[in-house]
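# Remarks on the overall topology
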Amino acid sequence: MTIGKSVKRIEDPRLLIGKGQYVGDILLPDQCEAVIVRSPHAHAKILRIDTEKAKQLPDVQLILTGDDLPKDLEAIPMRLAPNEALTMALQYPLAKEKVLYAGEPVALIVASNRYMAEDAAELIDVYYEPLDPIIDVHQALHPDTEILHPKIGSNDLFLLHSKKGDIDELLKNSPYQLEEDLYVQRHSGIPLETRGLLAFVDENKRLTVYGPTKVVHFNHQILSRLLKKDKKEIRFIETDVGGGFGPRGEFYPEDYLIPYAALKIGKPVKWIEDRLEHMKATNHSREQKHHVVVGFDETGRIHAFKDEIYVDTGAYIRTHGITVPVLTQGLLAGPYDIQGLDFKVHVVATNKTPTGTYRGPGRFEGTFVRERVIDLVAKKLNLDPTVVRERNLIQPNQMPYTNGISALGQLVEYDSGDYPQILAIAKEEMDWENFHKRKAQAEQNGKFIGLGFAMFVEKSGLGPWEFCEVEFAGNGELICKTGLADVGQGVETALAQICSEQLGIPYSKVKVIHGDTDVVEKGNGSFATRGTVVGGSAAYYASAELKKKILQVAADQYHLPSEDLDIKEEVITQVTTGLKLCSISSILKVAKAQGIELREKYTFSIDHMSYPYGIHAAEVAVDLETGKVKIEKYYIAYDVGKAINPMLVKGQLVGGMAQGLGGAMYEELRYDDNGQLITGSFMDYLLPSSMEVPEIDINILEISPSPLNPLGAKGAGEGGTVAVAPAIANAISHALEKYPLHLTSLPIRPEQIREAIKKGPSIRG
Amino acid sequence: MSQSNLRNITFSVNGKGYNVQVEPRMLLSDVLRDELRLTGTHVGCEHGICGACTVIMDGRPIRSCLAFGVQADKAEIKTVEGLAENSCDFHPLQQAFWEKHGLQCGFCTSGMLMTAYDFLEKNHNPTREQIREGISGNLCRCTGYQNIVEAVELAAEIINKKKESLEGPADKRMVFPSAEVEV
């Protein structure tokens, strides 16, 4: 049995000895390097671009400005959650008349190497007429503010409105109301490897691009469309990738420019983004302002939840369309059964880097808002926040449950789960019952501790389908071709385990191939926690079909019914007698001799997402002198339905938590009043180090396997991230409950805590 | 760039001698990656924070993105490619990172391994807290560090066991200056 085992990853050995092949590691003969000239202004008219001096440099191979690109070039289209109304706000690969954010590509230079290309970039003079930058959603919506996309007619690019029940009536009838403004700051995935591409044209004019990932086949199609080149004329090859997390692998301006440049000069062109460039050019995420009104009664039961949300989407609409806004409202109600919901989401344009998804898109934001509000309700009523949660949770007998809100084109319908149970498990694990005693004792010793909980519902397994093809190679190795991509999450190992389980072979004998459009027929890719759920199910069925075929060959060979045969440890075995008949390899030979092809393809289709759920709990100690927060204990319980490899699931959750912690306390893509990013390096943009990330206890639960796929898997990629901010904010608020601290905005800053401490206790204990 | 501007550097990387001509402004990380084609050393930030480009130069871990190639003239360098004693083997750190799932995307791993290598040279029986401090100059975006800490802990154990089998129990062993003890 391989499914459910914490086996070592098949990806690791070559990565450990420095033999990974990331796009920057590839060197082709005659390879040139590209550098992108980017706008230094947040908002400006381009008056003139002078490339003459740069052209004089002997090493310069090509210079492109917006005017050099084909006149009929399309803008980069939306991949997910496309919306017709937003097509007028899409980005073109190079700016022409105006730039709308600092970092927008204005020109491209190709030279013999990056040093030379950077020299040349300095010689390009772009003349701008700066315009007033819009750096805030409310500024953007002011009637006097310039409209960034005149064809749309407003900086309020799009409004989503979802509701259930009569919100005004329910609010009016609620004995208590609470109104809050909450803010989640701009931050993003920030993988350790920046983006990069390498494109070349062979003697047959066929274009090959190294470096695409995540949604390789989709982007292949987009490039073919933008270049007006047949898909067969283009090959995409995925390389090793230094972290995905949402931003990587989308179709960016460079994904057009680099192949275009290679076609122009007929030599390989490489582009490796530098770090500052990454911070300015690659998708940002998360920035949202929420205005919440909730109506509730004295028991803590919430009857109405109204939220008006302003998503700062940045200068253009990129490939994610309105994915983040849609998911924000779709899962905003979380695990609670609330009668009245009213969510308005404004998608607002500003002069900042465009945005997209980042691990747990919409849920990180929404979970912070909702779980903070629950604690604020509890505080107002002087109730135990876990009791308020209990009183509002959806009960297991209400499953499947829908709150009537849609996301990504489907009604959100929680498929299964036991929410009260997971809360009870976490309360027990954290010893919540006795915590107040410990807290009082600690306080007597001058130590302020607090415990915070945050519950969440995730979504996973987005369709519409995934593809897998399995085939036995002559050497007995199983070749598994998948439409998924590997962004470091261990997809090769997980799929190998699934195939191995089905076919009775060691997982180390499964070779997983992905991301090569010449080799893998089709695919949707790795995003939205869909890899194991959808791609894993495709591998499961493809292997099952292949097994049937092998057993049939064996059955014919031994004149036994195939139903009585199975494969165990690479041996065809008779089930009823336990008799070992022959090895797989001998059957492979028989099949070959008979001209039977041992290859199966399967496309697994699914039209509903799965909804894993969980809870985070944090115990913190706050230093009254410095305001420093120490996380004393951190606990995550997560019902993933079925863990294919618990070690990898745990790795996802711990790693996800570290990213959530960054979003909760450290990371911010901050802009000044001129629309300049002021946190463009790792000295200002603080990724959590090993000193910040605490030891994390993970409890992987398999209480409610998903009924929607044969594995029962619900996916595990994002649940570690989404509830960190409210768990920590609730814990800090609990620790400092006697102080005037009101945590409604991220990141949580030590100065804010220090400020509250300085003011002194506002409530007498 | 004219030929006259090129500088000659002679150095040893993973025990092998090299002589290359490079521009004075070329970063050591680029010399290793582009000239020597040792691409196991990764470049994550080019401003000395992430640590992905960490290599050992003359016995000290350095950020190869913050050094020029010419500064490595006559130096001895060890990169991830030279970590294992022979190419078919794993160094105990590599083995432990594999066992403990100490990597996901693998991009920070080379630098992390080199930092951990240097750390274990100086700390034979580290506590988890010491390990956390020891690797705190290397950023990892995937793992949340927990499994890296576990891997370094395990590697220390493996190294100590190997030593013990070579030299007898630690408490009865003769004390060698650390440079003489080949692990």
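Reading the values: rules and limits
Residues numbered from 1 in each chain as written. Chains lettered and ligands numbered in written order. Predicted model: local features only at pLDDT ≥ 70, side-chain atom pairs only at ≥ 80, totals over all residues. Helix = DSSP H or I, 4+ residues; strand = E, 2+ residues; numbered from the N terminus. Rg over C-alpha atoms; globule rule 2.2 N^0.38 Å. Contact = placed C-beta atoms within 7 Å. Buried ≥ 20, exposed ≤ 12 C-beta atoms within 10 Å, placed from the backbone. Pairing = 2+ DSSP bridges. Nonpolar A, V, L, I, M, F, W, Y, C, P; charged D, E, K, R; others polar. Expected span 1.5 Å × (residues − 1). Axes fitted to C-alpha atoms, helices over the stretch in contact; angles between N-to-C directions. Parallel < 35°, antiparallel > 145°, perpendicular 65-115°, else oblique. Left-handed = near helix turned anticlockwise from the far one by under 90°. Arc of directions from axis to C-beta. pLDDT = per-residue confidence, 0-100. Core = buried A, V, L, I, M, F, W, Y, C linked by C-beta atoms within 7 Å.

## A few points about the overall build of chain A
Helix and strand counts for chain A stand at 19 helices and 28 strands. Its C-alpha radius of gyration of 27 Å places chain A within 12% of the 27 Å reference for a compact globule of 765 residues. Counting only C-alpha atoms and orienting by the principal axes, one finds that chain A spans roughly 85 × 80 × 50 Å. A separation threshold of at least 6 residues defines the contact pool for chain A, and within that pool the share at least 24 residues apart is 81%.

## Here we look at the overall build of chain B
Per the secondary structure count, chain B includes five helices and five strands. When the helices and strands of chain B are placed in sequence order, the string is β-β-α-β-β-β-α-α-α-α. Relative to its full complement of 183 residues, chain B shows a buried share of 50%. Considering only residue pairs separated by 6 or more positions, chain B has 58% of its internal contacts joining residues 24 or more positions apart.

## Re the pairing of strand E5 (residues 105-111) of chain A
All names here are of chain A. When you tally the buried positions in E5, you get seven out of seven residues, the bulk of the element. Where strand E1 (residues 32-38) lies against E5, six bridges are found, and the strand directions are antiparallel. Residue Ile 36 lies in a different strand from E5, and its bridge partner there is Leu 108. Pairing of strand E3 (residues 60-65) with E5, which is carried by five bridges, proceeds in the antiparallel orientation.

## As for the interface of chain B and chain A
Across the contact, 44 residues belong to chain B and 45 residues belong to chain A. No other element matches the four residues that helix H2 (residues 92-99) of chain B contributes to the side of chain B that touches chain A. Within the side of chain B that touches chain A, the residues separate by chemical class into 18 nonpolar, 17 polar and nine charged.

## Re helix H5 (residues 146-167) of chain B
The terminal C-alpha atoms of H5 of chain B lie 32 Å apart, and with 22 residues this matches the ideal 32 Å at 1.5 Å per residue to within 8%. Those residues of H5 of chain B that sit buried are Gln 146, Asn 147, Ile 148, Val 149, Ala 151, Val 152, Ala 155 and Ala 156 of chain B. Looking at the buried side of H5 of chain B, the elements it contacts are helix H17 (646-666) and strand E28 (696-701) of chain A together with H2, helix H3 (109-122) and helix H4 (128-134) of chain B. Of the residues trailing H5 of chain B, Gly 168 of chain B is marked for its positive phi of about 85°.

## As for the sheet that holds strand E27 (residues 629-639) of chain A
All names here are of chain A. Reading across the sheet, the four strands line up as E18-E26-E27-E28 and stay open at both edges, with mixed pairing between neighbours. Looking at which strands have only one partner, the edges of the open sheet turn out to be strand E18 (448-457) and E28. Neighbouring strand axes in the sheet, compared pairwise and without regard to direction, differ in orientation by 10° on average. The sheet contact formed by strand E26 (residues 613-622) and E27 spans ten bridges and is antiparallel.

## Description of the packing of H2 of chain B against H3 of chain B
All names here are of chain B. In the contact formed by H2 and H3, the axes pass within 10 Å of each other and the chain directions differ by 125°. Taken as axis vectors, H2 and H3 run oblique relative to one another. By crossing handedness, the relation of H2 to H3 is classed as right-handed. Mapping the contact onto sequence places Leu 93, Gln 94 and Phe 97 in H2 and Thr 109, Leu 113, Ala 116 and Tyr 117 in H3. Residue classes in the contact of H2 with H3 are distributed as five nonpolar, two polar and no charged.

## Here we look at helix H3 (residues 114-122) of chain A
All names here are of chain A. For H3, the complete set of buried residues consists of Met 116, Ala 117, Ala 120 and Ala 121. Angular distribution of buried residues about the axis of H3 spans 145°; they occupy a single face of the element. The inward-facing, buried residues of H3 contact E1, helix H2 (52-56), E3 and E5.

## Considerations on the sheet that holds strand E24 (residues 580-583) of chain A
Residues and elements named next belong to chain A. Spatial strand order, E22-E23-E24: three strands in an open sheet with antiparallel pairing. The sheet is open, and its two borders are formed by strand E22 (565-568) and E24, each paired with just one other strand. Taken over all neighbouring pairs, the strand axes of this sheet differ in orientation by 30° on average, direction set aside. Contacting E22, strand E23 (571-574) and E24, helix H15 (residues 531-558) crosses the sheet at an angle of about 115° to E22. Along the sheet, helix H16 (residues 584-593) makes contact with E22, E23 and E24, crossing E24 at roughly 65°.

## So, the environment of Ile 479 of chain A
All names here are of chain A. Considering the arrangement of structural elements, one finds Ile 479 in strand E20 (residues 478-482). Overall, Ile 479 belongs to the partly exposed group, with 16 C-beta atoms counted inside 10 Å. Remark: the alpha-carbon pair of Ile 479 and Lys 758, spanning 279 residues in sequence, is separated by 64 Å. Among all residues touching Ile 479, those that are not within four sequence positions of it are Val 470, Glu 471, Ala 473, Lys 511 and Ile 513.

## Side note on unusual backbone geometry
Residue and element names in this part refer to chain A. Residue Met 399 is joined to Pro 400 through a cis peptide bond whose omega torsion reads -10°. Examined against the element boundaries, Pro 400 turns out to sit in the loop between helix H11 (385-392) and strand E16 (401-407). Put simply, Leu 746 and Pro 747 share a cis peptide bond, and its omega is -5°. Non-glycine residue Ala 81 carries a positive phi angle of around 45°. Within the secondary structure layout, Ala 81 lies in the loop between E3 and strand E4 (98-99). Exposure remark for Ala 81: the 19 C-beta atoms within 10 Å place this residue in the partly exposed category.

## Some thoughts on the confidence of the model for chain B
Residue and element names in this part refer to chain B. Looking at chain B as a whole, the pLDDT averages 91, with 89% of positions reaching at least 70. With pLDDT under 50 throughout, residues 173-183 is counted as low confidence; its partners more than four residues away or in other chains account for seven contacts. Overall fold confidence for the complex sits at a pTM of 0.96, while the interface term, ipTM, reaches 0.96.

## With respect to the packing of helix H14 (residues 491-503) of chain A against H15 of chain A
Residues and elements named next belong to chain A. Where H14 contacts H15, the axes come no closer than 9 Å and their chain directions differ by 30°. One element, H14, and the other, H15, form an angle in the roughly parallel class. In this structure, H14 crosses over H15, and the sense of that crossing is right-handed. On H15, the residues that touch Val 491, Ala 494, Leu 495, Ile 498, Cys 499, Gln 502 and Leu 503 of H14 are Gly 531, Thr 532, Gly 535, Gly 536, Ala 539, Tyr 540, Ser 543, Ala 544, Leu 546 and Lys 547. Partitioned by chemical class, the residues of the contact of H14 with H15 number ten nonpolar, six polar and one charged.

## Topic: the nonpolar core
Residue and element names in this part refer to chain A. If you look at the biggest cluster of nonpolar residues, it comprises 289 residues, and the most contacted ones within it are Ala 34, Ile 109, Ala 261, Ile 728 and Ile 732. Looking at which element gives the most residues to this core, the answer is H15, with twelve residues. Each residue touching Ile 728, except ones within four places of it in the same chain, is listed here: Gly 452, Ala 618, Val 620, Ala 664, Met 665 and Ile 748.

## Some points on the environment of Leu 192 of chain A
With respect to the helices and strands, the residue Leu 192 of chain A is situated in the loop between strand E8 (176-184) and strand E9 (196-201). Distance from Leu 192 of chain A to Gln 502 of chain A, taken between C-alpha atoms, is 36 Å for residues 310 residues apart in sequence. Every residue in contact with Leu 192 of chain A, bar those within four places of it in the chain, is listed here: Gly 242 and Gly 243 of chain A together with Gly 44, Cys 50, Ala 52, Phe 107, Cys 108, Leu 139 and Arg 141 of chain B.

## Points about the pairing of strand E3 (residues 54-57) of chain B
Taken residue by residue, a regular strand's side chains alternate between the two faces of the sheet. Residues and elements named next belong to chain B. Burial along E3 is two-sided: the residues Thr 54 and Ile 56 and Val 55 and Met 57 are all buried. Summarising the sheet, E3 and strand E4 (residues 60-63) pair through four bridges and their orientation is antiparallel. Across the sheet, residue Met 57 finds its bridge partner in E4, namely Arg 60. Linking E3 back to E4 in an antiparallel pair, the connection comprises two residues, with Asp 58 at a positive phi of about 45°. Pairing of E3 with strand E5 (residues 76-78) involves two bridges; the strand directions are antiparallel. Bridged to Ile 56 within E5 is Lys 78.

## With respect to the environment of Glu 84 of chain A
In this fold, Glu 84 of chain A is placed in the loop between E3 and E4. It is 9.7 Å that separates the C-alpha atoms of Glu 84 of chain A and Gly 321 of chain A, two residues lying 237 residues apart in sequence.

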